[in-house]
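So you can see what is in the structure, the chains are spelled out below.
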Number of protein chains: 2
Amino acid sequence: MTESKTDPRVLRTRKLIMDSFIELSGKKEFKDITIKDITAEAMINRATLYYHFEDIYDLLEKALSEVLLVNLNYDFYQNDELNEEVFVRIFESITNFQKSLSNRCHRGYEDTIARIIRDQLEIIFYKMLVKQHTTEKDEALKLTAVLLSWGMYGASVEWRRGSQKVPPEEFIKLAIPYIRTGIDKR
Amino acid sequence: MTESKTDPRVLRTRKLIMDSFIELSGKKEFKDITIKDITAEAMINRATLYYHFEDIYDLLEKALSEVLLVNLNYDFYQNDELNEEVFVRIFESITNFQKSLSNRCHRGYEDTIARIIRDQLEIIFYKMLVKQHTTEKDEALKLTAVLLSWGMYGASVEWRRGSQKVPPEEFIKLAIPYIRTGIDKR
DNA sequence: GTGGATTTGTCGTGTATACAACACTTTTAA
DNA sequence: TTAAAAGTGTTGTATACACGACAAATCCAC
């Protein structure tokens, strides 16, 4: 276990950059945000941003992932069982997240954002599945995580379009067998 | 003119430290605040604090001066004429500042705080006097600044004790001749 | 008092950040 | 179309900050 702690300067600087990026996203469209804008807002040097992020797309990716994880992790990830209730809450959280994003004028980057969200969902689902399905094959769990993440993302988009007021029960019922794969076999 | 700009890292760090100090002052008495408390709150290393401040008393001094200057400078210092109106506003500002401090449990350091306030007042008055009394002797202006700062501080304390509702007109009338020394001679 | 624990202040070393300069690409304006 | 302006991404160097170790001072229970 070589878990060397990250330098607090790094954490501070990343937070400054990401916060500034999120802040600016509320004021301008993504395409109009320049590196200089961000570094000025964050009060850090331009070169320092490139020390942490490859370019502005990399920043977008990491900032969104971060926000997503903060929104999800502290709410119910620690509550490590992936049951129906948790599943519904993740669904609602994701949907709210997308709503707040669509208000923030990220037009033209929907696909990128969609991929980022699916990636994060997949990571979360996989981690939770691994915890409770220790006997299962790793490949099977990965596949399940992929299915669930794509499925949930699609359902979320569909649900927002239809502007219904309850989470789509159909999808949830469809997903439950996947969640329970390992449980049933025990 | 060798006015090299200060490194933004320095400004950031000083602000972090001072803000933490002010924040902690609201929760604990000064004597109970340790260096470790401050650096933990500020998320900076302990050694870094000593890079900027000699000790906790030096920090107290500089933090208070900073807060004072922020309270005063941006309000009316740029408005560079030291007339009666500005004088009254500085008086009110100082009095409010002392009030907010006395709520923050700096018990046992009243004398230190008093000195800091007078020092800052003196600096401000001197700068303003120099601007409008260019023909006056420097020594005379310094003396005037000293008189005004001690006078204003004392009047402020006296006024707070008496809990009257208007600034002490007597003191203001007394001070005006000092303010106008140069003007009258023009 | 005495000893352990906490705090203070300092120092040397490694690393993260600031900054200026640079070539390059993209926007803008005329 | 073209030139100026603004933005991007990289590099070398100087400096601020993190960290651990340390002795000395202060605090505090017994």
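The structure we're discussing is the one just above.
Positions within a chain are numbered from 1, following the residues in the order the chain's sequence is written. The lettering of chains begins at A and the numbering of ligands begins at 1, in the order of writing. Per-residue local features of the predicted model are confined to residues with pLDDT of at least 70, and side-chain atom pairs are confined, for both listing and counting, to 80 or more; whole-chain, interface and lining totals are unaffected and use all residues. The basis for every side-chain value is the complete set of heavy atoms in the structure, and neither hydrogens nor water enter the calculation.

Moving on to the packing of aromatic side chains. Residue and element names in this part refer to chain A. Any pair of Phe, Tyr and Trp rings, taking the six-membered ring for Trp, is counted once the centres come within 6.5 Å. Such a pair is stacked with planes under 30 degrees apart, edge-to-face with planes over 60 apart, and tilted for the rest. Evaluation of the coordinates by the stated rule reveals 8 aromatic pairs over all chains. Seen in terms of ring centroids, phenylalanine 21 and phenylalanine 30 are 6.1 Å apart; in terms of plane orientation they differ by 85°. Their pairing is edge-to-face. The buried category is assigned to phenylalanine 21, whose relative accessible area is 1%. Aromatic rings pair up to connect Phe21, Phe30 and Tyr57 into one cluster. Relative accessibility thresholds used throughout: buried, under 20% of the residue-type maximum; exposed, over 50%; partly exposed, between the two (1.4 Å probe, protein chains only).

The figure often quoted for interface size is the accessible area lost as the parts come together. Between chain A and chain B, the residue contacts involve 4 residues of the former and 4 residues of the latter. In this description, buried area is defined as the sum, over both parts, of the accessible area (probe of 1.4 Å) that is lost when the two are combined. For the pair chain A and chain B, the summed buried surface comes to about 360 Å²; carbon and sulfur atoms form 54% of the total. Together, A:Arg12, A:Leu16 and A:Met43 form the three largest contributors to the area buried by chain A at its contact with chain B, with a combined 86%. What makes a salt bridge here is a side-chain nitrogen of Lys or Arg within 4 Å of a carboxyl oxygen of Asp or Glu, nothing more. Summed over the shared surface of chain A and chain B, the result is 0 salt bridges. Identification of polar contacts relies on pairs of N or O atoms within 3.5 Å, with a donor-acceptor requirement for protein atoms, meaning one able to donate a hydrogen and the other able to accept it, and with residues adjacent in sequence counted only if both atoms are side-chain atoms. Summed over the shared surface of chain A and chain B, the result is 2 residue pairs in polar contact (both at pLDDT 80 or more). Classification convention: Asp, Glu, Lys, Arg as charged; Ala, Val, Leu, Ile, Met, Phe, Trp, Tyr, Cys, Pro as nonpolar; all other residues, Gly among them, as polar. The class makeup of the residues in the side of chain A that touches chain B is 3 nonpolar, no polar and 1 charged. Throughout, a residue-residue contact means that at least one pair of heavy atoms, one from each residue, lies within 4.5 Å.

With that out of the way, let us pick up the layout of surface pockets. Any residue with an atom within 4 Å of a point lines the site, the site being either a cavity, points on a 1 Å grid over the protein atoms alone where a 1.4 Å probe fits but cannot get out, or a pocket, an open set with protein on both sides within 12 Å along at least 5 of 7 lines. Grid points are joined across faces, edges and corners, and a volume is the space filled by probe spheres set on the points. Of the volumes computed, that of the largest pocket is approximately 830 Å³. Taken together, 25 residues form the lining of the largest pocket, with A:Arg9, A:Arg12, B:Arg9, B:Arg12 and B:Thr13 sitting closest to its centre. For the lining of the largest pocket, the secondary-structure elements that each account for two or more residues are helix H1 (8-25) and helix H3 (46-52) of chain A together with helix H1 (8-25) and helix H3 (46-52) of chain B. By volume, the second largest pocket amounts to about 600 Å³. What lines the second largest pocket is a set of 18 residues, among which A:Met43, B:Leu11, B:Arg12, B:Lys15 and B:Leu16 lie closest to the centre. Secondary structure follows DSSP: runs of H or I at least 4 residues long count as helices, runs of E at least 2 residues long count as strands, and numbering of each begins at the N terminus. Taken together, the elements giving at least two residues each to the lining of the second largest pocket come down to H1 of chain A together with H1 of chain B. Among the elements that make up the lining of the second largest pocket, the one with the highest residue count is H1(B) (8 residues). Here the lining of the second largest pocket is built from residues that sort into 9 nonpolar, 1 polar and 8 charged.

To count toward a patch, a residue needs a relative accessible area over 30% and no salt bridge; like charges are then connected within 9 Å, while nonpolar side chains (Val, Leu, Ile, Met, Phe, Trp, Tyr) are connected within 5 Å. Accessible surface area values rest on a Shrake-Rupley calculation with a 1.4 Å probe, where residue burial reflects the displayed protein chains alone. On the surface, a cluster of nonpolar side chains totalling about 290 Å² of accessible area is made up of A:Leu143, A:Leu147 and A:Tyr178. Within the secondary structure layout, A:Leu143 lies in helix H7 (residues 138-162).

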